[in-house]
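Structural overview for review
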Amino acid sequence: MENEKYSEEKVDIFWKEFLIKTGRCETTKYLSIFHFELTEKWANELLRLVLIGQKKATASSLWSYEIEGERVPEVGDLSIVTDWEGVPRCVIETTAVTIIPFSDITYDICKREGEDDTLESWRVGHIKFFKEEGKQLGYEFKNDMPVIFEDFEVVYQA
């Protein structure tokens with residue numbers, strides 16, 4: 001979820017430190033600033049999984065991108081992941097993007113998210129998430145809903 005709670009000053013400092021420490025051009029831009037999930041508990045838990053290297057992918061509704069007028073992530077995109085409070089914690093780089101119907105997601109795909117031990121538990125959790133997000137944004141979850149499955153790697157941690 002886009003994080004509107006972040007401090008622009010903290011993000012600017014974080015981003016400049018990232019660019020210097022990784023030797024990137026000062027004109028390098030990030031795609032988005034976000035936290036995972038819709039609740040504080042899960043936003044911070046999923047961030048923890050990213051920081052320890054267990055969570056290496058994320059699944060989003062294509063419809064949410066269309067409704068919010070955002071472009072779909074592309075390989076090479078950089079994004080800042082924050083905690084629930086908006087504190088920047090890491091930079092991720094998109095390594096692969098697959099758009100696939102929800103019903104076609106297998107355990108081999110979803111296990112890269114590092115959140116669940118079975119396909120069934122992944123499906124239950126993501127159906128709940130997509131239904132809640134759909135209420136907020138104005139779409140209705142369907143089993144054949146297109147999902148953006150984005151693989152990433154952490155390229156910088158605070």
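Residues numbered from 1 in each chain as written. Predicted model: local features only at pLDDT ≥ 70, side-chain atom pairs only at ≥ 80, totals over all residues. Heavy atoms only, no water.

Here we look at helix H5 (residues 119-137)
Between the first and last C-alpha of H5 there are 26 Å, a value that for 19 residues agrees with the 27 Å anticipated at 1.5 Å per step. Looking only at H5, the buried set comprises Trp122, Arg123, His126, Phe129, Phe130, Glu133 and Gly134. Relative to the axis of H5, the buried residues are bounded by an arc of 140 degrees and lie together on one face. Exposed residues lying more than 90 degrees from the buried face of H5 are Glu120, Val124, Lys128 and Lys135. Next to the buried residues of H5 lie strand S2 (57-61), helix H3 (62-68), helix H4 (107-110) and strand S5 (146-157). Immediately beyond the C-terminal end of H5, within one or two residues, lies Gly138, with a positive phi of roughly 100 degrees. (Helix = DSSP H or I, 4+ residues; strand = E, 2+ residues; numbered from the N terminus. Expected span 1.5 Å × (residues − 1). Buried < 20%, exposed > 50% of the residue type's maximum accessible area, 1.4 Å probe, protein only. Arc of directions from axis to C-beta. Contact = heavy atoms within 4.5 Å.)

Remarks on the pattern of salt bridges
For side chains bearing opposite charge, pairing can occur when the charged atoms are close. Applying the stated criterion across every chain yields a total of 8 salt bridges. For the salt bridge of Glu45 with Arg48, the shortest nitrogen-to-oxygen distance reads 2.9 Å. With Glu45 and Arg48 both in helix H2 (residues 40-51), this residue pair falls 3 residues apart, about one helical turn. Using a relative accessible area of 40% as the deciding quantity, one classes Arg48 as partly exposed. Measuring nitrogen to oxygen at the nearest pair gives 3.2 Å for the salt bridge that ties Lys55 to Glu113. In this pair, Lys55 sits in the loop between H2 and S2 while Glu113 sits in the loop between H4 and H5, placing the two residues 58 residues apart along the sequence. Here the two residues Lys55 and Glu113 agree in accessibility, since each one is buried. (Salt bridge = Lys/Arg side-chain N within 4 Å of Asp/Glu carboxyl O.)

Remarks on the sheet that holds S2
With mixed pairing, the 5 strands of this open sheet are ordered in space as S1-S3-S4-S5-S2. Looking at the sheet topology across the chains shown, the edges are occupied by strand S1 (32-34) and S2. This sheet shows a mean twist of 35 degrees between the axes of neighbouring strands, independent of strand direction. Bridge count between strand S3 (residues 78-82) and strand S4 (residues 88-101): 5 bridges; the pairing is antiparallel. Each residue of the ladder has a partner; that of Val81, found in S4, is Cys90. (Pairing = 2+ DSSP bridges. Axes fitted to C-alpha atoms, helices over the stretch in contact; angles between N-to-C directions.)

Treat this as a map of the structure, not an account of what it does.
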